[in-house]
Structures are given as C-alpha cells and as structure tokens.
Amino acid sequence: MNAVEIRGLSHRYGAGPTALTVLHDLDLTIPAGEVVLLTGPSGSGKTTLLTLIGALRAVQTGSCRVLGIELSNADERTRVALRRRIGFIFQHHNLLGFLSARENVAMALELDPDLDEAERLARAEAMLHAVGLADKVDAYPALLSGGQRQRVAIARALVHEPGLILADEPTAALDSKTGHETMALLQHLAKERGRTVFIVTHDPRIHDIADRIVAMEDGQLVQPATH
Amino acid sequence: MNELAPLARASPVLATAPAAAAIQPPPAPGLRLPFRLAWRQLRHEPARLAAALSGVVFATLLIFMQIGFKNALFDSAVLVQNSLRADLFLMHRTTEALWRSASFPRARLAQALALPEVERVTPLYVANVPWRNPETGLNRTLLLFGVDPTARLLGFYGLDDAAWDAITRPDTILFDERGKPEFGPIRSLLAQGSFFGELNRKRVEVVGTFGLGATFSSESNAIASETTFWRIASGRNPAQVDVGAIMLKPGADVAATKRALQALLPDDVMVFTRAEIAQFERDYWAKVAPIGFIFGLGVAIGLVVGCVIVYQILFSDISRHLGEYATLKAMGYTNGYLARVVMSAALILAALGFIPGLVLSLGLYEIATAQIFIPLHMTIPRASFVFGLIFVMCVVSGLIAIRKLRDADPADMFR
C-alpha cells in the first residue's frame, strides 16, 4: 500500500504569458511507513510539491493520490477532510502562544468528535511524554526553547495518528545537534507507529534518518536515491 | 518510547482509507471550543483586552447617556399633557409646542359646547414669566399656568382640593417644589406659612406647592387662577386661550366627537385626543427642535467609535496571529470554525464591556439627575436595548474583521 502516488503531476503559477510552471510531469511513489527526504535548491518546486501532497493547494494537472484519496478535481471539503489525516510540521512551529504545550497538542484532537476533553488532554500529555517533554506539559511556548517547541510541534503532528507526516525544513531554526536529535526522534516515533514521513530539507546532517532521499531540480525529480 | 501504545487505534489508516467521493470532514466542534479559544486569546494579552474593553465601555456609556437624556427630555416634555384631565384638546394651528403656544379665540370653546357629547370646556393659559428669587433677588423664567381652579384640570403631584381652593383668592399662586433650586428655598419658606414673592414684577402670595419638575423647556412652574394669570401676564388678551380642554359626557365616542369638532370648528384650531397631544409635543422635540436628532446622532457616534475600536483590536489580533490561523487551517480547521473564534471574541468583548459600562452609566445617571433636575431612569428594557446595540456593534466589527481570515493561507506556511 502506498501513502502517496503521483503520476504526471504538473503545476504552474499565474496565467497567460507570465505563467510559471514549477512542476513538470512528476511521478513519485512513497510506500506506507517510509521516511523520505526531498532535497533540492531553492525554487526547484519542493515546497509546491509538499503543499499539493498536503492538500493545501488544488491539483491542476495529473494525478495525486494521498492516503487513498485522489486530489485531482477534489473539492475543498475533501481536501479539508484529508488534511485532518495528515500531520504537519512547519519550519516555524506556529504554536498558539496562549495555550500550554498540552493544549497545543490537543488542538490536533479537537476535530475528532469521538474524543471527550479528558481523553484529548490525556492523549496530548502522553504524546508529550513520548517526545521527552513530560515536565513541560503545562508550559507555554514562550517559556520553551526552540528545540522544545519543535518537539511540541512534532507531538501535535503525531498525536492524532495521521497516516502521513509532512515536514518543511523542520531543522532550519534549530542548531545542528538539536536539529538532528529532533529529527531522529520524529523518525523513531514514526517508525514505531508505522507512519509515513515526507520531509523537505536543505539540511544534509539529517540525511541519515531517511529511508530514501529524492532530489528536485527545475520542477523535476532528478536523482532518486536509496539511502 | 511506547507510552502511546495503549491509546493507538487498531485500524491502520491506509487500510481503511475511504474513497475520495465518500470522504467528508466530520463536524467541527460547536461553539464551546471557539469560545474558549477566543477567551484564552483575549486573556493572554491583558493590555490589549483592556484597550478593547475601554472602547466597548466608552460606547456603552455614550449610548446610555444619549438615550437617557433623550428619554428624559421626552418624558419631561409630556408631563403636563399626561396630567391634563380632559378627553379632547384644542390648540392653534400654528402652535409647535405647549411652552411656545399660539393662542386662539376663546369662542372656539363655546362653539365646541354646541356638540351634545361635550359636557364642559376649560381654557388653559400658558406664559413664560420671570420669578424673583426671594433670597438672592435674581430673576429666572418659569412657566405659569392659568386655569380655573374649580375645573381641577391639572393632575400634577400634590394638587389637592385645598391647594386648588387656596388659589381662588386673587394674587395667589402654587409653586413647583420640584423645580430647580435657583428659584429659591420655596419649601422651607412655605414651612413657615405662605409668603410673598415677585412674579413678572407683580406681588403674589405663594400659598402652596405641587410637584412637576424641570423640563427642557422650563426650569420651574407655577399655577394661578385665570384672574391672577391675566394680572401677572399683563398684555395677554383674556379672550385668547392657549389650550382648550374639552370634557365629554360619559360614554361619548372620543374619536367620533373629535371628527365632529374638526368639522364644526374653523381651520385655525387643531383637535387632539390625550394620546395625540402628548405625541404632538414629543414630535416637536424629536423633529422640529430637533433635539431628538442630536441625541440620535450621539448614539450613532458611540456605536461607530465602539465599532472601530473593537474592529481594530480584532483585526490586529488576526493579523498578528495569521501564522497560527493558517496552521489551524492546515490541520483541518475550516474558515467557518475560525470565524466562530473571531465572533466569539467579539461577543466576549460585548458582554465584558457592557457590564462596567452599565455600572458607570448608573452612576452618571445619578449625577446628571442631581445636576439638571430631570430624572434619568435606568430601566430593564433600556439596558436590554443598549446591550442589543452593543451586541450588534461587536458582531458588525467581528464580521468586518473576519475578512482578514482569508489572508491566512495554509500553503503559505510551507515557504
């Protein structure tokens, strides 16, 4: 079973003579449970590919099937529903400053009508234990270090047990040691739970956590490689 | 690192993934979570919350005071009309308000008596005349009513038979004990018996009091018999009256008699029922004066100022947290859900700002009443009405601010 199946995917910005095509007839398959790194220079189309897989943009041309959902011609409701089954990790963690770490993580569970408040908070707390922040569950983001905030963001991305985790430059705001530790933790938790992880990064120091590294250049996958 | 194992769901996500056509987002949380989020966000920055609340308090205060003054004006303006003990009234066609009435021939009252439904008629004379404060010697204008004491036409507080009988003697008057204090210590002087004063430079004896109070058109009032009135308001023609009060026989149809009077009398007079003569006075202040418009403008300004302040707070909150809103969208929160967060914040501001605004208004009502001697009353309907206005004001602010949410694009988070 594949988490992501992309066939003939193209994408452009703008229209008419000023239109800029950023993805060209792309094919990519990511099996379930795999940790994949996507590298490439700025402007190569990595982020656009990530937003299409994350159902954050509408697919224009080609097929993009994520967690069994075909996104070409998918309406907004379908894309919103799919996003609830994906975990997102951003370069800037974007935690809600007025909520504690536990409450921030619980936000990923608020959309699940089957969970009550106590269960949501219990699961959020357990997830924070899992990322090594047992003593920070009630701390507000302003009181956490950059690495701790990113671990809260990882906990938020994992707590609702998504089938796919998408991360964009997750180590960019962290020092080398903290960055590697954080990504190793993400890889460990994802492998433990059988989750698929797709990371866009410029950071060569985290290549060792990947099952596979793919590279992009000028909107095309140029160098599929096995790690 | 297996703490979550007992909580993990048994079914693998991929194995149970539904087809695209069938997938629909589950219902978003109701109002509880957006409300809680909004409150936590507002509470997180006390200084900004205080600024927002001060805007709502200011708007609440301004609206309460404007409505309070307006209603006090209207209530006081019709005190006389509501106290008239008659069924129909005549006033000159050009009269705009009682305190500046144009007189009409007394003969119209005699003509009205021709109708079989009319039992009796009573003329009422009105004049603005200066009263000399017995203590300070300063003159101040009051409204003097001239009326036949035996007709018992006026139903002001404290007007009993003894008071009416007292002014049947020439050159005697009854004084308004609820008028402004600038007219002198009337009650304490009367406590020692009747006393003499000067009304329009004529010596009169104050023999009693009644309670009417200051209005926007007069700071105090006095009542005299017709004879005394003509002597004080020298130059007034006794054959010209200001208001004609008509008492009908028991069982007479007021509306039909009014129509009959309109047909009978020349066009120089207007015929009113009790409700109509009060409304006529109210309309003068609302439309002709146009003090009603001015107070209405004050209410509108309060609403606009409050709306702008609340909008600015909500808008800047959204702008400063655009990344967080976009993140929530990426996580599957809908625009509608986030709009509910913003609207919840607006409603919290409405509720929290209204309460201190109400308390401050109650205090200002007391102060204003003591200063201008026109009672400003806080009533539950008025408080409810103002809360409704504040509620709408905050909802409008929230609806305008919500447009900023469209700028929160989750795709922008990956850049």
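Keep in mind that what you see is a predicted model, and the values were worked out from it rather than measured.

Cut-off values and rules
- Residues numbered from 1 in each chain as written.
- Chains lettered and ligands numbered in written order.
- Predicted model: local features only at pLDDT ≥ 70, side-chain atom pairs only at ≥ 80, totals over all residues.
- Heavy atoms only, no water.
- Helix = DSSP H or I, 4+ residues; strand = E, 2+ residues; numbered from the N terminus.
- Rg over C-alpha atoms; globule rule 2.2 N^0.38 Å.
- Buried < 20%, exposed > 50% of the residue type's maximum accessible area, 1.4 Å probe, protein only.
- Areas by Shrake-Rupley, 256 points an atom, 1.4 Å probe, with all protein chains shown as cover.
- Contact = heavy atoms within 4.5 Å.
- Domains from an automatic or database assignment.
- Buried area = accessible area lost by both parts, 1.4 Å probe.
- Salt bridge = Lys/Arg side-chain N within 4 Å of Asp/Glu carboxyl O.
- Nonpolar A, V, L, I, M, F, W, Y, C, P; charged D, E, K, R; others polar.
- Axes fitted to C-alpha atoms, helices over the stretch in contact; angles between N-to-C directions.
- Parallel < 35°, antiparallel > 145°, perpendicular 65-115°, else oblique.
- Left-handed = near helix turned anticlockwise from the far one by under 90°.
- Arc of directions from axis to C-beta.
- Polar contact = N/O pair within 3.5 Å; in protein donor to acceptor, adjacent residues only side chain to side chain.
- Phe/Tyr/Trp six-rings, centres within 6.5 Å; stacked < 30°, edge-to-face > 60°.
- Core = buried A, V, L, I, M, F, W, Y, C linked by side-chain atoms within 4.5 Å.
- Pairing = 2+ DSSP bridges.

Caption draft 1: Up close: the overall build of chain B. A tally of regular secondary structure across chain B gives 13 helices and 11 strands. Taken against the 2.2 N^0.38 rule, which gives 22 Å for 415 residues, the C-alpha radius of gyration of chain B at 33 Å runs more than 25% over that of a compact globule. When the backbone C-alpha atoms are referred to their principal axes, chain B occupies close to 105 × 50 × 35 Å. Residues classed as buried in chain B amount to 49% of the 415 residues present. Total accessible area computed for chain B in this model is approximately 18,400 Å², and 60% of it derives from carbon and sulfur atoms.

Caption draft 2: Representation of the environment of His377 of chain B within the structure. Residue and element names in this part refer to chain B. Structurally, the position occupied by His377 is in the loop between helix H12 (335-372) and helix H13 (380-402). For His377, a relative accessible area of 48% puts it in the partly exposed group. Taking C-alpha positions, His377 is 43 Å from Leu264, a pair spaced 113 residues apart along the chain. Not counting the four nearest positions on each side in its chain, His377 is found in contact with Tyr365 and Arg382.

Caption draft 3: Spotlight on unusual backbone geometry. For Ala55 of chain A, which is not glycine, the phi dihedral falls at a positive 60°. Tracing the chain through its elements places Ala55 of chain A in the loop between helix H1 (46-53) and strand S4 (61-66). Taking the relative accessible area as the measure of exposure, Ala55 of chain A reaches 0% and is therefore buried. In this structure, Asn200 of chain B takes a positive phi of about 55° despite not being glycine. For Asn200 of chain B, the location among the structural elements is in the loop between strand S6 (195-199) and strand S7 (202-210).

Caption draft 4: Summary view of the domain arrangement of chain B. Residue and element names in this part refer to chain B. We note that the domain assignment places domain 1 (7-75 + 291-414) and domain 2 (94-266) within chain B. Measuring from the centre of the C-alpha atoms in domain 1 to the corresponding centre in domain 2 gives 52 Å. Listed as interface residues are six residues of domain 1 and, on the opposing side, five residues of domain 2. Both sides together, the interface formed by domain 1 and domain 2 hides about 550 Å², and carbon and sulfur atoms give 82% of it. A per-residue breakdown of the area domain 1 buries against domain 2 is headed by Leu73, Phe373 and Ile374, which together make up 74% of the total. Applying the counting criterion to the domain 1 and domain 2 interface returns zero salt bridges. Per-element accounting of the side of domain 1 that touches domain 2 gives the leading share, three residues, to helix H2 (residues 46-77). Here the side of domain 1 that touches domain 2 is built from residues that sort into six nonpolar, no polar and no charged.

Caption draft 5: Fine view of the side chain of Thr122 of chain B. All names here are of chain B. Along the chain, Thr122 turns up in strand S3 (residues 118-132). Judged by relative accessible area, which is 3%, Thr122 ranks as buried. Sequence-distant contacts of Thr122, that is, excluding residues within four places in its chain, are made with Leu109, Val147, Ala151, Leu153, Val243, Gly244, Ala245 and Met247.

Caption draft 6: Highlighting the packing of helix H11 (residues 322-330) of chain B against H12 of chain B. Residues and elements named next belong to chain B. Running from amino to carboxyl end, H11 crosses H12 at an angle of 140°, the nearest separation of the two axes being 10 Å. Compared by their axis directions, H11 and H12 come out oblique. Here H11 and H12 pass one another in a crossing that is right-handed. Two secondary-structure elements touch here, H11 through Tyr325, Leu328 and Lys329 and H12 through Asn335, Leu338, Val341 and Val342. Broken down by class, the residue content of the contact of H11 with H12 amounts to five nonpolar, one polar and one charged.

Caption draft 7: A look at the packing of H12 of chain B against H13 of chain B. All names here are of chain B. H13 packs onto H12 with a crossing angle of 145° between their chain directions and a minimal axis gap of 8 Å. Considering only the axes of H12 and H13, their crossing is right-handed. Residues Ala339, Val342, Met343, Ala346, Leu347, Leu349, Ala350, Ala351, Phe354, Leu358 and Tyr365 of H12 form the contact with H13, whose participating residues are Arg382, Ala383, Val386, Phe387, Ile390, Phe391, Cys394, Val395, Gly398, Leu399 and Ile402. Looking at the contact of H12 with H13, its residues break down into 20 nonpolar, one polar and one charged.

Caption draft 8: View of helix H8 (residues 254-264) of chain B. Residue and element names in this part refer to chain B. Among the residues of H8, those classed as buried are Thr257, Lys258 and Leu261. Looking straight down H8, one finds that the buried residues subtend no more than 105° of arc, so they occupy a single side. Exposed and oriented more than 90 degrees from the buried face of H8 are Arg259 and Ala263. Residues of H8 that are buried make contact with strand S1 (88-92), helix H4 (107-112), strand S10 (243-248), strand S11 (269-273) and helix H9 (274-288). The distance from a side-chain oxygen at the start of H8 to the backbone nitrogen of Ala255 is 3.0 Å, and the residue carrying that oxygen is Asp253.

Caption draft 9: Inspection of the packing of aromatic side chains at higher detail. Residue and element names in this part refer to chain B. On inspection of all chains with the given rule, the structure shows 17 aromatic pairs over all chains. Here Tyr311 and Phe315 contribute two aromatic rings whose centre-to-centre distance is 5.5 Å and whose plane-to-plane angle is 35°, an arrangement assigned as tilted. Of this pair, Tyr311 and Phe315 are both found in helix H10 (residues 291-320), four residues apart, which corresponds to roughly one turn of the helix. Judged by its relative accessible area of 27%, Phe315 falls in the partly exposed class.

Caption draft 10: Just the nonpolar core, in detail. If you look at the biggest cluster of nonpolar residues, it comprises 134 residues, and the most contacted ones within it are Leu49, Ile53 and Phe198 of chain A together with Ile390 of chain B. Looking at this core, the element that brings in the most residues is H12 of chain B, giving 14 residues. Residues Leu90, Trp131, Leu199 and Val204 of chain B belong to the second largest nonpolar core, which totals 34 residues.

Caption draft 11: Highlighting the pairing of strand S1 (residues 2-13) of chain A. All names here are of chain A. With eight bridges connecting them, S1 and strand S2 (residues 20-31) associate as antiparallel partners. Residue pairing for S2: Ile6 is matched across the bridge by Leu28. Following S1, the chain reverses through six residues before pairing antiparallel with S2; Gly14 in that reversal takes a positive phi of roughly 80°. Where S1 meets S4, five bridges bridge the pair, whose relative direction is antiparallel. Looking across to S4, one finds that Ile6 is bridged to Cys64.

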